[in-house]
Amino acid sequence: MNMKREIEIFESTNGLSQFFGELLLYEVNVDTEGEYFSIALSGGSTPRSIFQYLASNFKEKINWEKLLIFWSDERCVPPESNESNFRMAHESLLSKVDIPASNIFRIKGEANPIDEAKRYSEVVRSNISSPNLLLQFNLIMLGLGTDGHTASIFPGNGDLFESNDPFEVSMHPETSQSRITVTGKTINQAKLVTFLVTGENKANTVATLLNRKKGWDALPASHVDPKNGKLLWILDNKAAAYL
Ligand code: 6PG
């Protein structure tokens, strides 16, 4: 088990967002190895307020031109859809900071899912570093579903932690919506993985995972264990209520 697991808990979303901004600022600045800093953005609703905070408070602080923007997952919908993770990130952050369009690698939710998973895997292979031939993101942001899913790796998708392809197609178990998701090995090869989780509706799942309660290791998020990287849980006090 990765002993480099840390947990940070915050009273407010602003406090959590300030911490994440300072973390990103530090990691981008301290990473002098590569010309660029590769980050995979998480989706869903949690990141929106964090991205808005970054746009307001870190616009001038972070050297956005150094970032290469990818996604941890995407819904197979057009970019203008209100379900699009790209649209959410573009509206709340990317359209508000000085980052070249060429640094933004959108997952094409409108494309054929199988073709897009293959295409995007190649885009990632071509644009991020691969020390020891292992694809390594500088930072992968993850969210957590109440069912313990992360990215779009849902319960029963254990095979997505064995795949050698960095991105694969998955399907939301309730809506049957196709998704393009980062796979487990790529997550666990990252230098830094952050779970950003807020809200009381996540408290049970967070406690099951972090307190290793009965059934914890059946949850997809339990398999996130960066082998040579750091795992950081960034929670608000509501999500951390049962720790
Ligand atoms: C997505 C996400 C997914 C999300 C969790 C939490 O595309 O929906 O990648 O893994 O992070 O479902 O979603 P909320 O932030 O909306 O609770």
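Please refer to the structure higher up on the page.
Keep in mind it's a predicted model, so treat the numbers as computed, not measured.

The rules behind the values
- Residues numbered from 1 in each chain as written.
- Predicted model: local features only at pLDDT ≥ 70, side-chain atom pairs only at ≥ 80, totals over all residues.
- Heavy atoms only, no water.
- Helix = DSSP H or I, 4+ residues; strand = E, 2+ residues; numbered from the N terminus.
- Expected span 1.5 Å × (residues − 1).
- Buried < 20%, exposed > 50% of the residue type's maximum accessible area, 1.4 Å probe, protein only.
- Arc of directions from axis to C-beta.
- Pairing = 2+ DSSP bridges.
- Axes fitted to C-alpha atoms, helices over the stretch in contact; angles between N-to-C directions.
- Contact = heavy atoms within 4.5 Å.
- 1 Å grid on protein atoms, 1.4 Å probe; cavity = no way out; pocket = protein on both sides within 12 Å on 5 of 7 lines; lining within 4 Å.
- Points joined across faces, edges and corners; volume = space filled by probe spheres on them.
- Nonpolar A, V, L, I, M, F, W, Y, C, P; charged D, E, K, R; others polar.
- Phe/Tyr/Trp six-rings, centres within 6.5 Å; stacked < 30°, edge-to-face > 60°.
- Lys NZ or Arg CZ within 6 Å of the ring centre and 35° of its normal.

(A) Inspection of helix 1 (residues 13–30) at higher detail. Its 18 residues give helix 1 an end-to-end C-alpha distance of 25 Å, which sits within 8% of 26 Å, the value for a rise of 1.5 Å per residue. Of all the positions in helix 1, only Leu16, Ser17, Phe20, Gly21, Leu23, Leu24, Glu27 and Val28 are classed as buried. Projection of helix 1 onto a plane perpendicular to its axis shows the buried side chains occupying an angular sector of 165°, all on one side.

(B) Spotlight on the sheet that holds strand 6 (residues 167–171). On the basis of which strands lie adjacent, the open sheet formed by three strands has the order 4-7-6 and antiparallel pairing. The outermost strands of the open sheet, each flanked by one partner alone, are strand 4 (73–75) and strand 6. Averaged over neighbouring strand pairs, the angle between their axes works out to 25° when direction is ignored. Bridging between strand 6 and strand 7 (residues 178–182) involves five bridges; their strand directions are antiparallel. Across the sheet, methionine 171 pairs through a bridge with serine 178, a residue of strand 7. With respect to the sheet, helix 4 (residues 113–127) is in contact with strand 6 and strand 7, its orientation differing from that of strand 6 by roughly 150°.

(C) Representation of the layout of surface pockets. What the largest pocket holds in volume is close to 390 Å³. Taken together, 26 residues make up the lining of the largest pocket; nearest its centre are Gly43, Gly44, Ser45, Arg75 and His149. At the level of secondary structure, the elements contributing two or more residues to the lining of the largest pocket comprise strand 4 and strand 5 (139–142). Here the residues of the lining of the largest pocket are counted per class, giving four nonpolar, 17 polar and five charged. Estimated volume of the second largest pocket: approximately 180 Å³. Lining the second largest pocket are 15 residues, and of these Gly34, Tyr36, Ser129, Gln136 and Asn138 sit closest to its centre. Among the residues making up the lining of the second largest pocket, the classes are represented as five nonpolar, six polar and four charged.

(D) Representation of the packing of aromatic side chains. What the rule picks out here adds up to seven aromatic pairs. With a centroid separation of 4.7 Å and an interplanar angle of 5°, the aromatic rings of phenylalanine 70 and phenylalanine 105 are classed as stacked. Taken as a pair, phenylalanine 70 in strand 3 (residues 67–71) and phenylalanine 105 in the loop between helix 3 (85–94) and helix 4 lie far apart in primary sequence, 35 residues in all. Using a relative accessible area of 0% as the deciding quantity, one classes phenylalanine 70 as buried. Taking relative accessible area as the criterion, phenylalanine 105 reaches 15% and is therefore assigned buried. Chaining the aromatic ring pairs together yields one cluster made of Phe70, Phe105, Tyr120, Phe137 and Phe167. The residue whose ring lies beneath arginine 106 is phenylalanine 86, and the NZ or CZ to ring-centre distance is 5.7 Å.

(E) The arrangement of empty space enclosed by the protein in detail. Under the counting rule described, the total for this entry stands at two cavities of 30 Å³ or more. In this structure, the largest cavity encloses a volume near 80 Å³. For the largest cavity, the lining is made up of eleven residues, of which Arg5, Leu209, Leu210, Ser222 and Trp233 are closest to its centre. Residue assignment for the lining of the largest cavity shows that the elements contributing at least two residues are helix 6 (203–210) and strand 9 (230–236). Taken together, the residues of the lining of the largest cavity sort by class into eight nonpolar, one polar and two charged.

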